[in-house]
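Residue-level listing of the chains:
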Amino acid sequence: MATAVQVASVGWLDVPWIIWSGLISAVVASGVAAFTTWASSKNSLRLLAKQHTRDDEEANRQRQHDAKQKDEDRKGTIRREVYTKAVEETHALLGYIGSLSDRPLNAGNDVDGFQSFLKANAKIWLVADAEAAHLSRDLAGDFAEVFFHEMTTSYPIREAMEPVRRRREEIAFLEGEARRLVSQLTDAKAKNASLEEQEKLGDLVVDAKEHVKALELAQQQAMRVIAPMRMEAFKTTFGKLRSVQRALVKLVSALRGELNLPRDDVEFMEQLRDMERRAWAAVNKAYGIDPPGPMPEIVEPRL
């Protein structure tokens, strides 16, 4: 019986089955572990490949975003420079138009200020979005009409001011001459100069002062003639500038929007209306009109 059990327990190659079962279990376990490791590695590689793909896509998106942002930053820098210069030149032209009647006729090329504005404004047309680009072209046309209107309107005033300027220089010279003669007369008296010399110097002082007084009277008369001309020119130009100023407010609001600043269209327009009322009242008061007369209606320059 014992021999039969022993024979039955001996397996292949005379190795007991219990050993074979252990070996087989070990092999199976190793196979399962190897398969599990292989499957896990394969899944990890697949996940890693997906992650790499996602990382590459994200990196590409980030590079595209950075490139786009760099372009936007460059465009924003250019726009800030262009818009700042254009607004400066526009306000310089407004001041130039307002002072044109006081500009001497021989002071140089009268259109230089207008040309500077056109150059700066043309750059807005080049780099701005559609709304501001169109508004800049409208503003250029509006300013052209107002500028040349003021050139024509102010010319008679400028012509009338030429003798006023010459008399002003002459008065300043004669006043200095009178002071010099008074000083000489004082010295002559202190030195006990001859009566004839003192009387001669005294006569020269009187003549100089009388000449100054005559020139001052002529100046006053000339200014009385010019004053109504100035007021009339101011009235006609003021109405046209009201329209130009409104076009300017719209343009600047659009430019502020492009620079990511609050547009505030309504608030800026209300400020403009208040500025117009105060400017109209101040000029009328300067000409002795208080309360002021009705403000000129807005004149639309474009046809």
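Residues numbered from 1 in each chain as written. Predicted model: local features only at pLDDT ≥ 70, side-chain atom pairs only at ≥ 80, totals over all residues. Heavy atoms only, no water.

1. Comments concerning the overall build of the protein chain
For the protein chain, the count of helices and strands is six helices and zero strands. Across the 303 residues in the protein chain, those meeting the buried criterion constitute 29%. Partitioning the intrachain contacts of the protein chain with sequence separation of at least 6 by distance along the chain shows that 72% fall at a separation of at least 24. Carbon and sulfur atoms form 60% of the exposed surface of the protein chain, whose accessible area is close to 19,800 Å². (Helix = DSSP H or I, 4+ residues; strand = E, 2+ residues; numbered from the N terminus. Buried < 20%, exposed > 50% of the residue type's maximum accessible area, 1.4 Å probe, protein only. Contact = heavy atoms within 4.5 Å. Areas by Shrake-Rupley, 256 points an atom, 1.4 Å probe, with all protein chains shown as cover.)

2. Some words on the side chain of R167
Among the secondary structure elements, R167 is positioned in helix α4 (residues 130-190). Look past the residues within four positions of R167 in its chain and what remains in contact with it is L215, A218, Q219 and A222.

3. A word on the nonpolar core
L93, I124, L139, F143, F147 and L251 are the most contacted members of the largest nonpolar core, which totals 27 residues. Apart from residues lying up to four places away in sequence, F147 is in contact with L93, Y96, I97, D110, V111 and F114. A178, L185, A188 and V205 belong to the second largest nonpolar core, which has eight residues in total. (Core = buried A, V, L, I, M, F, W, Y, C linked by side-chain atoms within 4.5 Å.)

4. Comments concerning a positive patch on the surface
There is a patch of like positive charges on the surface, built from K42, R46, K50 and R54. Residue placement: K50 occurs in helix α2 (residues 17-98). (Patch = residues over 30% accessible without salt bridge, like charges linked within 9 Å, V, L, I, M, F, W, Y side chains within 5 Å. Salt bridge = Lys/Arg side-chain N within 4 Å of Asp/Glu carboxyl O. Lys, Arg positive; Asp, Glu negative; His and termini not counted. Charge placed at Lys NZ, Arg CZ, Asp CG, Glu CD.)

5. Comments concerning the environment of F173
With respect to the secondary-structure elements, F173 resides in helix α4. Sequence-wise, F173 and A208 are 35 residues apart; in three dimensions their C-alpha atoms are separated by 10.0 Å.

6. Some thoughts on the packing of aromatic side chains
Within the structure shown, the criterion is met by nine aromatic pairs. When the centroid spacing of 6.2 Å and the interplanar angle of 20 degrees are considered together, the rings of Y96 and F147 count as stacked. Highlighted residues: Y96 in helix α2 and F147 in helix α4, separated in sequence by 51 residues. Of the two residues examined, Y96 and F147, each falls in the buried class. The ring of W125 carries the charged tip of R137 above its face, separated from the ring centre by 4.0 Å. (Phe/Tyr/Trp six-rings, centres within 6.5 Å; stacked < 30°, edge-to-face > 60°. Lys NZ or Arg CZ within 6 Å of the ring centre and 35° of its normal.)

7. Notes on the environment of A208
Looking at the secondary structure, you find A208 in helix α5 (residues 195-258). Distance in space between the C-alpha atoms of A208 and E177 is 7.3 Å, their sequence separation being 31 residues. Setting aside residues no more than four positions away along its own chain, A208 makes contact with L174, A178 and L181.

8. A look at unusual backbone geometry
Residue P291 is bonded to the preceding D290 through a cis peptide linkage, with omega at 10 degrees. Within the element layout of this structure, P291 appears in the segment after α6 (265-286). Phi is positive for N192, which is not a glycine, with a value near 55 degrees. By the secondary structure assignment, N192 is in the loop between α4 and α5. For N192, a relative accessible area of 67% puts it in the exposed group. The backbone of D264 shows a phi angle near 55 degrees, a positive value even though the residue is not glycine. Along the chain, D264 falls in the loop between α5 and α6. For D264, a relative accessible area of 32% corresponds to the partly exposed category.

9. A few points about α6
For α6, with 22 residues, the first-to-last C-alpha span of 32 Å sits near the 32 Å given by 1.5 Å per residue. Structurally, α6 contributes buried residues whose contacts are with α5. G288 occupies a position one or two residues after α6 and carries a positive phi of about 80 degrees. (Expected span 1.5 Å × (residues − 1).)

10. Considerations on the packing of helix α3 (residues 112-127) against α4
Interhelical geometry of α3 versus α4 gives an angle of 165 degrees and a closest axis separation of 8 Å. Relative to α4, the element α3 lies roughly antiparallel. At the point where α3 passes α4, the crossing takes the left-handed sense. Only A132, A133, S136, R137, L139, A140, F143, A144, F147 and F148 of α4 make contact with α3, whose side of the interface consists of F114, F117, L118, N121, A122, I124 and W125. Here the contact of α3 with α4 is built from residues that sort into 14 nonpolar, two polar and one charged. (Axes fitted to C-alpha atoms, helices over the stretch in contact; angles between N-to-C directions. Parallel < 35°, antiparallel > 145°, perpendicular 65-115°, else oblique. Left-handed = near helix turned anticlockwise from the far one by under 90°. Nonpolar A, V, L, I, M, F, W, Y, C, P; charged D, E, K, R; others polar.)

11. Brief notes about the pattern of salt bridges
Tallied over the entire structure, the rule returns 17 salt bridges. E276 is paired through a salt bridge with R242; the nearest N and O atoms lie 3.2 Å apart. Remark: R242 occurs in helix α5 and E276 occurs in helix α6; sequence separation between them is 34 residues. Side by side, E276 and R242 carry an identical accessibility label, which is buried. The residue R278 makes a salt bridge to D274 at a minimum N-O spacing of 3.2 Å. Placement of the pair is R278 and D274 together in helix α6, with a separation of four residues, close to one helical turn. On the basis of relative accessibility, which here comes to 30%, the residue D274 falls in the partly exposed class. Linked by salt bridges that have partners in common, E270, R273, D274, R277 and R278 make up one network.

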